[in-house]
Amino acid sequence: MNFFNIEKTSEGKARAGVLNTDHGTVQTPIFMPVGTVASVKTVHQREIKDDIKAQIILGNTYHLYLRPGMEVMEAAGGLHKFMNWDLPILTDSGGFQVFSLSGTRKMSEEGVKFKSHIDGSVHLFTPEKSMEIQRQIGADIFMAFDECVAYPAHYNQVKKSMDMTHRWLKRCMDWNEQNPELYGYKQRFFPIVQGSTYSDLRKISAEVIAEAGAEGNAIGGLSVGEPEDELYRITDEVTDILPKEKPRYLMGVGTPWNILESIGLGIDMMDCVMPTRNARNGMLFTWQGVINMKNEKWKKDFSPLDEFGTSFVDQEYSKAYVRHLFVSKEYLAKQIASIHNLAFYLDLVKVAREHILAGDFYQWKDSIVPVLRQRL
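Residues numbered from 1 in each chain as written. Predicted model: local features only at pLDDT ≥ 70, side-chain atom pairs only at ≥ 80, totals over all residues. Heavy atoms only, no water.

## With respect to helix α7 (residues 155-178)
If you check α7, its first and last C-alpha atoms are 35 Å apart, about what 24 residues at 1.5 Å a residue would give, namely 34 Å. Those residues of α7 lying buried are Val158, Ser161, Met162, Met164, Thr165, His166, Trp168, Leu169, Cys172, Trp175 and Asn176. (Helix = DSSP H or I, 4+ residues; strand = E, 2+ residues; numbered from the N terminus. Expected span 1.5 Å × (residues − 1). Buried < 20%, exposed > 50% of the residue type's maximum accessible area, 1.4 Å probe, protein only.)

Okay, here's the thing in structure tokens:
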């Protein structure tokens, strides 16, 4: 069985497919909730599976390496067993987190030396070390160790960083070849396209990544502060080059409208902390638009939280009640909002997939995006 099968391609680049992993299948396009430290913040695994209907979630290499540490992870038999999650998992390489510690890290060709944000202890992440940790975590899909530059960055800095990412990719692949999986199931490796918003660098990187011949490919270094039209332009240019028969993962994206536009540009997989982070601050995404749950206007609105919502919280709680919880700073507010937002994101990609299969995705996307963007 192939790792990735395309079921239907629309009149443009959008496509519906299936990923086949040893922990089950994933229908694409898909959104992946982020479970940074082996937990999607405020949400039970049972809710992620049964109410949110996630098919794959993310774990974070940097955070899991520091806590609980790899001794615990291996003793547990990997992340699936540790967190009692039997569906697919994807891990990032730790690169993005290490590079966001700009004040406390030192970079070299060998790798990155950094201080733990927990206790200040010093650690070295090399491409080989990132691969080793990701073997110990045991995700179904794991990422190359790359350098992600901030936005904006000078051309020469981006080129230097991209060249190093490509050299590191070779080291990742060499290490993987010599060190098989630990837990008896297959792990798939994705390299990452870099190059910031420079088209010529993105083209070079996409060609290098395509030539690596991995089972899937990712686009990194976007959704880091660049304007939306730049995100779409670069994604469009890169998906023109990456192999059509392999899954394409756009890292760290995004708003509901970013997700639909990216699907339209040929992206199959996305992840972002936005639905959970914004939920904890009282921002809800819905099919009618964006709601600020703390607003006075919901104070006496006893209608369901979201009449079109797919999770139990949408029908069981009123807007007035959830607003009251936020104003009172109750933990339950964050939990309800997180379940709602994640369920909405999963519903969004499910409906997008249905429109791809029906052949009217672009027409539907263009009509729904302005609605999703409006503030209620």
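Here the narrative resumes.
## Structural notes on the layout of surface pockets
What the largest pocket holds in volume is close to 890 Å³. Residue lining of the largest pocket: 42 residues in total, with Phe96, Gly252, Asp271, Cys272 and Val273 positioned closest to the centre. Elements supplying a minimum of two residues to the lining of the largest pocket: β5 (57-60), α5 (95-99), α9 (228-241) and α11 (274-280). Its boundaries defined by the atoms lining it, the second largest pocket holds a volume of some 240 Å³. Along the walls of the second largest pocket sit 14 residues, with Lys53, Gln55, Leu346, Asp347 and Lys350 positioned nearest its centre. With six residues, helix α14 (residues 331-358) is the largest single contributor of residues to the lining of the second largest pocket. When the residues that make up the lining of the second largest pocket are grouped by side-chain class, the tally is six nonpolar, three polar and five charged. (1 Å grid on protein atoms, 1.4 Å probe; cavity = no way out; pocket = protein on both sides within 12 Å on 5 of 7 lines; lining within 4 Å. Points joined across faces, edges and corners; volume = space filled by probe spheres on them. Nonpolar A, V, L, I, M, F, W, Y, C, P; charged D, E, K, R; others polar.)

## Brief notes about the packing of helix α10 (residues 256-264) against helix α15 (residues 361-373)
The N-to-C vectors of α10 and α15 enclose an angle of 165°; their axes lie 9 Å apart at closest approach. In terms of their interaxial angle, α10 and α15 are classed as roughly antiparallel. In the packing of α10 onto α15, the handedness of the crossing is left-handed. Of the residues in α15, those touching α10 at Pro256, Trp257, Leu260, Glu261, Ile263 and Gly264 are Phe361, Tyr362, Trp364, Lys365, Ile368, Val369, Leu372 and Arg373. In terms of residue class, the contact of α10 with α15 is built from ten nonpolar, one polar and three charged. (Axes fitted to C-alpha atoms, helices over the stretch in contact; angles between N-to-C directions. Parallel < 35°, antiparallel > 145°, perpendicular 65-115°, else oblique. Left-handed = near helix turned anticlockwise from the far one by under 90°. Contact = heavy atoms within 4.5 Å.)

## Considering the UniProt feature "binding site: substrate" (unreviewed entry) in the protein chain
According to UniProt, the feature "binding site: substrate" (unreviewed entry) maps to Asp92, Ser93, Gly94, Gly95, Phe96, Asp146, Gln194 and Gly221 in the numbering used here. When only the residues just named are considered, the largest pocket is lined by Asp92, Ser93, Gly94, Gly95, Phe96, Asp146, Gln194 and Gly221. With respect to the helices, strands and loops of the structure, Phe96 is situated in helix α5. Ignoring sequence-local partners within four residues, the contact set of Phe96 consists of Cys148 and Val224. Locating Gln194 in the fold gives a position in the loop between β12 (192-193) and α8 (199-211). (UniProt positions renumbered as here; feature names shortened; annotations may be inferred.)

## Points about the pattern of salt bridges
One pass over the structure, following the stated rule, counts 21 salt bridges. Arg353 is the salt-bridge partner of Glu7, the closest N and O atoms lying 3.1 Å from each other. Residue Glu7 is found in strand β1 (residues 4-9), and its partner Arg353 is found in helix α14; the two are separated by 346 residues along the sequence. By relative accessible area, which is 7% here, Arg353 ends up buried. For the salt bridge of Lys350 with Glu354, the shortest nitrogen-to-oxygen distance reads 3.4 Å. Of this pair, Lys350 and Glu354 both sit in helix α14, separated by four residues, roughly a single helical turn. The class of Glu354 is partly exposed, set by a relative accessible area of 41%. (Salt bridge = Lys/Arg side-chain N within 4 Å of Asp/Glu carboxyl O.)

## Thoughts on the sheet that holds β1
Reading across from one edge, β1-β2-β3 is the order of the three strands in this open sheet, with antiparallel pairing throughout. Each edge of the open sheet is held by one strand with a lone partner, namely β1 and β3 (24-28). Ignoring strand direction, the axes of neighbouring strands in this sheet form an average angle of 15°. Examined bridge by bridge, β1 and strand β2 (residues 15-21) share five bridges and lie antiparallel to one another. The residue of β2 that forms the bridge with Lys8 is Ala16. In the packing of α14 onto the sheet, contacts are made with β1, β2 and β3, and the angle to β2 comes to roughly 120°. (Pairing = 2+ DSSP bridges.)

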